[in-house]
Amino acid sequence: MDRHALRYLRWLGATMLAAAAAVALMVLLVDPYGLYGWVDVAGFNRVKAPLARYQNEIKLARALRLRPQVVLVGNSRVEAGFDPDGPALRGANAINLGIAGTGTPTAIGQLRYLAAHGIRPRRVIAGLDVVDAMTPRPIVSARAPVLRIPWPGRWWQLDALLSAASLRDTLWTVALQRDADGAMATPRGFNPLRQYGSAARLEGYAAIFRQRAQENARKLAARSGGGLDVPAVRAEVRALLDAAAQGNPAVRVDLLVYPYHAQLLAMFEAAGLWRRFEAWKAVLREEVAAARLRHPRARIVLADFGAYGPWQCEPIPAEGSGAMTTWYWEAGHFKAALGEVLLARLDDTADRAHDATAGRAACVARQPGLFIDAARLVARAGR
């Protein structure tokens, strides 16, 4: 190799190293994933974008740094419904590990991961979703339970520090500081769904409810002839409770049946899923009772918010109305305002009694059109 070629290669290598170092330094300073904490300046990097990749890994890495005393796990309903910095949990060193589109196995993996790293929270709040347990086909009785636990690897850390995607997210984070309507998430894992607020102002809540209702109708109609995966539910709930209480005997565990909006509950009925919904709750109660025997010092509670009540029956604003909702973004996702109410009720067992039959009757009387529309949507989706 002649001298000129060697000099060119050295120059090229040095340039590439300098560019890589510059990218890594930008990522470290802006910290788009909230991993490093070198700089925290309002207007520069304090607001973070919602995680679009390595969600589990990054949330767990944050948990290792924060060493939380209260851990919330579940899917997007938890992620968007409970604010660790809200009034009920402020100062409790809470973290929201909820991840959209995930099921109980992810929550189990998260709790096991924290335990393996010596983190034993004094309280675990876990959301459970019946839709995950309903299958589109009847269950074969001999079916073996499926329990897959994803486990975070290590290679993502390099990619999160030094890649085109991390540079893109760095620039996005800087731009987000000046976008009041941009999607964001807090360092403790809460996603306030700001983009929903923007859409509601532009299109109205009726449009958001309608779009999600059509999606839910298709999903539920596809499950109308299926079954309930009882072995999998038992295995997952048992593993979840054991992951929370094993080696952490005095932990408080709140299992939470999500407060689906009445529109979604009415769709359960219309799709013929209500009996399976109740059977699923019965399995949860049995597993909670069994877990109390395995972990006698732990306080394990099942909080059932999956029934018609004043919040669940919040009216959906009419088409063209600019009215705002208080409790729900749409039928499947409640706002942090309702999350605060639920957390308060978890602490007040005397206030939890609820007559589900009377609640439904009151809801039907108040909003008969909601039930008619839900039935129509499910029927149309099932054709």
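Rules used throughout
Residues numbered from 1 in each chain as written. Predicted model: local features only at pLDDT ≥ 70, side-chain atom pairs only at ≥ 80, totals over all residues. Heavy atoms only, no water. Helix = DSSP H or I, 4+ residues; strand = E, 2+ residues; numbered from the N terminus. Buried < 20%, exposed > 50% of the residue type's maximum accessible area, 1.4 Å probe, protein only. Contact = heavy atoms within 4.5 Å. Polar contact = N/O pair within 3.5 Å; in protein donor to acceptor, adjacent residues only side chain to side chain. UniProt positions renumbered as here; feature names shortened; annotations may be inferred. Core = buried A, V, L, I, M, F, W, Y, C linked by side-chain atoms within 4.5 Å. Axes fitted to C-alpha atoms, helices over the stretch in contact; angles between N-to-C directions. Parallel < 35°, antiparallel > 145°, perpendicular 65-115°, else oblique. Left-handed = near helix turned anticlockwise from the far one by under 90°. Nonpolar A, V, L, I, M, F, W, Y, C, P; charged D, E, K, R; others polar.

What follows concerns the environment of His261. Take His261: it is sitting in the loop between β6 (252–257) and α11 (262–270). On the accessibility criterion, His261 (0% relative accessible area) is buried. Placed 45 residues apart in sequence, His261 and Gly306 show a C-alpha to C-alpha distance of 8.6 Å. When residues no more than four places from it in sequence are discounted, the contact partners of His261 are Phe209, Gln312, Cys313, Glu314, Ile316, Tyr328, Ala331 and Leu370. Looking at His261, its side chain comes within polar contact range of the main-chain oxygen of Glu314, at 2.7 Å.

Here the focus is the environment of Leu293. Residue position: Leu293 is located in helix α12 (residues 274–294). Along the chain, Leu293 and Val47 lie 246 residues apart, while their C-alpha atoms are 44 Å from each other.

All right, on to the UniProt feature "transmembrane region" (unreviewed entry) in the chain then. Within this structure's numbering, the places UniProt gives as "transmembrane region" (unreviewed entry) are residues 12–30. Across residues 12–30 one finds 100% helix and 0% strand; the C-alpha atoms that close the span lie 27 Å apart.

A few words now on the nonpolar core. Counting 89 residues, the largest nonpolar core has Leu255, Met267, Phe268, Phe277 and Trp280 as the members making the most contacts within it. With 8 residues, the top contributor of residues to this core is helix α10 (residues 230–245). Not counting the four nearest positions on each side in its chain, Met267 is found in contact with Ala213, Asn216, Ala217, Leu220, Ala374, Leu377 and Val378. Formed by 7 residues, the second largest nonpolar core is a distinct cluster that contains Tyr33, Leu35, Ile58 and Trp156.

We now examine the packing of helix α4 (residues 104–116) against α10. Running from N to C, α4 and α10 cross one another at 20°; their axes reach a closest spacing of 9 Å. Here α4 lies roughly parallel to α10, going by the angle between them. You can see that α4 and α10 cross each other, and the crossing is left-handed. Each of Thr104, Pro105, Ala107, Ile108, Leu111 and Arg112 in α4 lies in contact with α10, whose residues at this interface are Glu236, Ala239, Leu240, Ala243 and Ala244. When its residues are assigned to classes, the contact of α4 with α10 shows 8 nonpolar, 1 polar and 2 charged.

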